[in-house]
Amino acid sequence: MRRLLVSATVLALACAPSPKDTPPPTPKPNIDPGAVPPSPPKPNIDPGARNPRAAKLPPDAIAPPPEDSVRRVAPPQVAFAHGWMPLASTGVDRFLRAHPDYDGRGVLIGILDTGIDPSVPGLGSTTTGSPKVLDVRDFSDEGAVTLERVTPTGDSVTVGGRRLGGFGRLAGLSAAGPYFGGTIAELPLGEPPAADLNRNGKVGDTLAVLVTRASDGWVLFADTDGDGSLANEKPVHDYLAGRETFGWAPRGLTPRVSVAVNFGEAAAAPSLDLVFDITGHGTHVAGIAAAHDIYGVSGFDGVAPGAQLLGLKIANGANGGITTTGSMLRAMDYAIKFAQERRLPLVLNMSFGVGNEIEGGARIDALVDSVLQAHPDLVMAISVGNDGPGLSSLGFPGSAGGAISIAATLPSSFLAPGPNGAPLSDQLAYFSSRGGEVAKPDLATPGMAYSTVPRWNAGDEVEQGTSMASPHASGLIALLVSGLTQTRKPIDARAIRQAMMVTAAPTSGMTYLDEGTGVPDVGRAWSWLESGYPVPDIKVKAIGRGDVSGAIRRGAPISRDTVQTFELIRPASAAKATYTLRSDAPWLIAPSSVTLAGEKTRVDLRYAKEALGEPGAHIGVVSGWSDDTLAGPAFRLVNAVVVAAPVSQDSLTLRSSERVPPGGLLRTFFRADSLRPFALTVATGSRAERALAFLHEPDGMPFRDEGARPAGYDQQSAEYEADARDVVSGAYECIVVGLPGQSTSATVALVQSPLALHASRQGGAGVRATFANLTKAPVTAEVGLHLGGAERDEAVTASGSKPVRIPFVMPAWARGVVVDITMDRAQWGRFTDFGATLLDSAGKQLGKKPLNYAFGRLQVEAEPGHSDTPVALMLLPGFADPADTSKWSLRASIRLYADSSVVLGSTAAGSTITIAPGKSVVSSFTMPSDPRPLGEKFVPLGLLIARVDGRSWTRETPLASGSAASGQ
């Protein structure tokens, strides 16, 4: 979902990683194809190498391709044979055998994403021969072209400093004009090959386009083959008018990037947007939902091959796959009007998500719910995000109450066989985000598939993420809507959601907050719909922090029975109704029934303290049932109690040799003090065992310094060392995930620093360091202070969505840049996205990182041997509400790291100190004349170190002259 995705390698999921493997790639929030960041100051790199499984493919699949052909991760025939479009997981194959005409025909699926490349084989037509992609529209402004009037000179015209001949081609269509010209630059679009629009092997060209009015509307001309002439070029109409695309490439070669055209008009002058997919995300998503005969292989289809598609580009791939202000709302509005004008039922898919800071408080959630409430026949599936497996990691707008929120499974067709050679069952994906404050996800569908990609992106046909799960669900919805339409039954979004949830099958070992009711079966859902069960309109609110749909309590063991109140909300006109209450957990005690009368009714549940003493997550659901139990629960009251181990003064074994089933989870919680370092170790029980480890900060955000790591035995264990600067007060969650087909034992051990560390510049060359003993015994420590670079702290306050630019110089000594962006959690819900991009003076992207929470970290590695380099940090806000022009603020910490550190001399006798319990010791250090020149507003960056019993505890801190630098 954003930034949804990191590509998956088939082999990486099928096999346990070797001891030297890097962590498996964890898909991000939906559209950004980046990966888990490594430790600073290293760059943000993808630790999951793409593996084409060449050794297991037929020889013709691995032979060097001709110059103008493409090499795919596997031939489509092989992918089809292996079930890499996992339709069997949700019963699609059985359903379409029974109902071949309910294949999505007559249904329109709107894909809100990075765009769709309609030229890809598989996205050309439906099963009935109708056009597959009816329209593509850009709401992101990524391809916006500024047009100005131009005047030809004879048979040539100059646009953007480039002279083009063959102007008679335009004059033949429009003798009197007017004529307009504009350019699109490759450099801002990012990296090759996608940004190399004209396929000449480099990124940096500026390409000219010309526009004039023909008898049938505005048309575009471009020198697509680069020969300097328009004489042999074809006019390109708005995609909606003729479903035409074009692309640039040297003569004789096929364009790698397919471009569609959107025209607008104001005051008799055209406006122009070029529409393309330079991440490949939207095209891949579209293929899962509705492709037909992928890459020409008959029968190799997406979920709803009879459905038609609407490509709604909401994300600017050049700036990290971020949505732009108002793009979601404008795209939804366009899709609704488009479908209404053509009398087509509409399904919307949004494979996108960013992390919730205050669940239930996001502005986009309210806007999405408002749209869905106004259109009760509109069904919308949204991916929950890829920040799992920690609780409260589910992102918005997947937390919108009216949407169907989709988690991801790893389908069995991508998993290695079990020990006896039998295929494994589908398993919930480790990366899939989980609920907490919100009672979601609703369902889980396959989050990995071989699908359609643009030509430039060949080789990335297999992708994983909840981005892939959501279009699978959208395809299922389209099948059901197709059946309802053809049988002339009403389309009710609530009934479709209920049908899918009531008939879904849970995954072994998972809870409601992991996967909702589980994996849907479209055939069973259709049978439920045919039965015509009534669906009451009941909304659930948990009374407490935020008043959201789920109740979660975090902290120490519950010392007494506790009451949790829920409110059930119905339309004021609803008739009185009584429901039987059932609890699925012994600690969660509910009344036997509840009678709903009026608009709001309260229900009190009791948490029994005896069952909630052990650290861990206790999750339970109370469901409300009518007399007709086949209709399924009318509502669910979802509860979670998180019990965390207290702050420790010594080493603490949180889990000792506990078994983790294949694909299962072991959750552990511990409390941490703000700015107090800690070290966490996750180890398996033997050298033959492997697992995955994840660390989440309080309230669900993945640990900011690489949260996903492989875990093995002894020296191959997963080690987390948190610098004091990065520690947040509250309950952290550590999760151990078993690999598919492999059981393991896991030990989780925590050590928290016995010392609190603090350093401040006293003016001139003096630095004062304080070491406070937090334990009940004396502590002896070797202490030191190093200078490792420079830091600049920038406070930013701005209004609206205009980008903010922060220029600075990356000095020749810097080997990397790390930027931490922190904003107030309360304002995060106003955005749908917030991008951070580092550019050089020519506008080339050095690195980009969309924020996934109110905190984000951008890491960029400098080119070896670079000189002093002017760069600029671009901050790119995207608001949910286009009318939001109020102020926003943040702090940007810009840190430059050197290859080596400078050790500060100590004025104390020696570097070893002994600190009595509850006391502090002050050491003084002398700043040298810094050998590194510091840029404007930069101060020396210090690393305070205390080594106790063989373990080093650190606190990175800026040392501003004459001020007490806290390091926060």
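The structure this text deals with has already been given above.
Residues numbered from 1 in each chain as written. Predicted model: local features only at pLDDT ≥ 70, side-chain atom pairs only at ≥ 80, totals over all residues. Heavy atoms only, no water.

Chemist: Please clarify how the environment of A691 should be interpreted in this entry.
Modeler: Relative to the assigned elements, A691 resides in strand β38 (residues 691-696). Exposure remark for A691: the relative accessible area of 1% places this residue in the buried category. Sequence separation between A691 and A672 is 19 residues; the distance between their C-alpha atoms is 24 Å. For A691, the contacting residues outside a window of four places in its chain are T684, P710, A711, V736, V737, L739 and T744. (Helix = DSSP H or I, 4+ residues; strand = E, 2+ residues; numbered from the N terminus. Buried < 20%, exposed > 50% of the residue type's maximum accessible area, 1.4 Å probe, protein only. Contact = heavy atoms within 4.5 Å.)

Chemist: What am I meant to see in helix α10 (residues 466-486) here?
Modeler: Because the α-helix completes a turn every 3.6 residues, residues three or four places apart line up on one side. With 21 residues, α10 ought to run about 30 Å at 1.5 Å a step, and its terminal C-alpha atoms sit 30 Å apart, in line with that. Across the 21 residues that make up α10, a large majority, 19, are buried. The positive-phi residue at the C-terminal boundary of α10 is R488, with phi of around 55°. (Expected span 1.5 Å × (residues − 1).)

Chemist: Can you walk me through the packing of helix α7 (residues 281-290) against α10 in this structure?
Modeler: Packed helix pairs are characterised by how far apart their axes lie and by the angle those axes make with each other. The contact between α7 and α10 brings their axes to 7 Å, and the two run at 35°. Between α7 and α10 lies a crossing of right-handed hand. Residue-level contacts link H281, H284, V285, I288 and A289 of α7 to S467, M468, P471, H472 and G475 of α10. For the contact of α7 with α10, the residue count by class is five nonpolar, five polar and no charged. (Axes fitted to C-alpha atoms, helices over the stretch in contact; angles between N-to-C directions. Left-handed = near helix turned anticlockwise from the far one by under 90°. Nonpolar A, V, L, I, M, F, W, Y, C, P; charged D, E, K, R; others polar.)

Chemist: Would you mind going over the pattern of salt bridges with me for this structure?
Modeler: Going through the model one piece at a time under the given rule, you end up with 47 salt bridges. In this structure, E265 and R213 form a salt bridge, with 3.1 Å as the shortest nitrogen-oxygen distance. Pair noted here: E265 is in strand β12 (residues 260-266) and R213 is in strand β9 (residues 206-214), with a separation of 52 residues, a long-range link. Among the ionic pairs, R602 bridges to E567, the shortest N-O distance being 3.6 Å. Remark: E567 occurs in strand β28 (residues 562-569) and R602 occurs in strand β32 (residues 600-607); sequence separation between them is 35 residues. Linked through salt bridges whose partners overlap, the residues forming this network are R725, D726, E791, D820, R857, R895 and E956. (Salt bridge = Lys/Arg side-chain N within 4 Å of Asp/Glu carboxyl O.)

Chemist: Please explain the sheet that holds strand β37 (residues 678-684) as it appears in this structure.
Modeler: Within a sheet, neighbouring strands are paired by backbone hydrogen bonds and run either parallel or antiparallel to one another. Read across the open sheet, the four strands follow the order β35-β42-β37-β40; overall the sheet is antiparallel. Of all the strands in the sheet, the pair left with one neighbour each is β35 (652-660) and β40 (718-722). Sheet twist, expressed as the average angle between the axes of neighbouring strands with direction ignored, equals 10°. In this structure, β37 lies alongside strand β42 (residues 744-752), joined through seven bridges in antiparallel fashion. If you follow A683 over to β42, its bridge partner there is T747. (Pairing = 2+ DSSP bridges.)

Chemist: Even after reading the chapter, I still don't get the sheet that holds strand β8 (residues 179-185), so can you show me in this structure?
Modeler: The five strands lie next to each other as β5-β8-β9-β10-β11, forming an open sheet whose pairing is antiparallel. Of all strands in the sheet, those bounded by a partner on one side alone are β5 (148-149) and β11 (236-237). One ladder, built from two bridges, connects β5 with β8; its direction is antiparallel. Each residue of the ladder has a partner; that of R149, found in β8, is F180.

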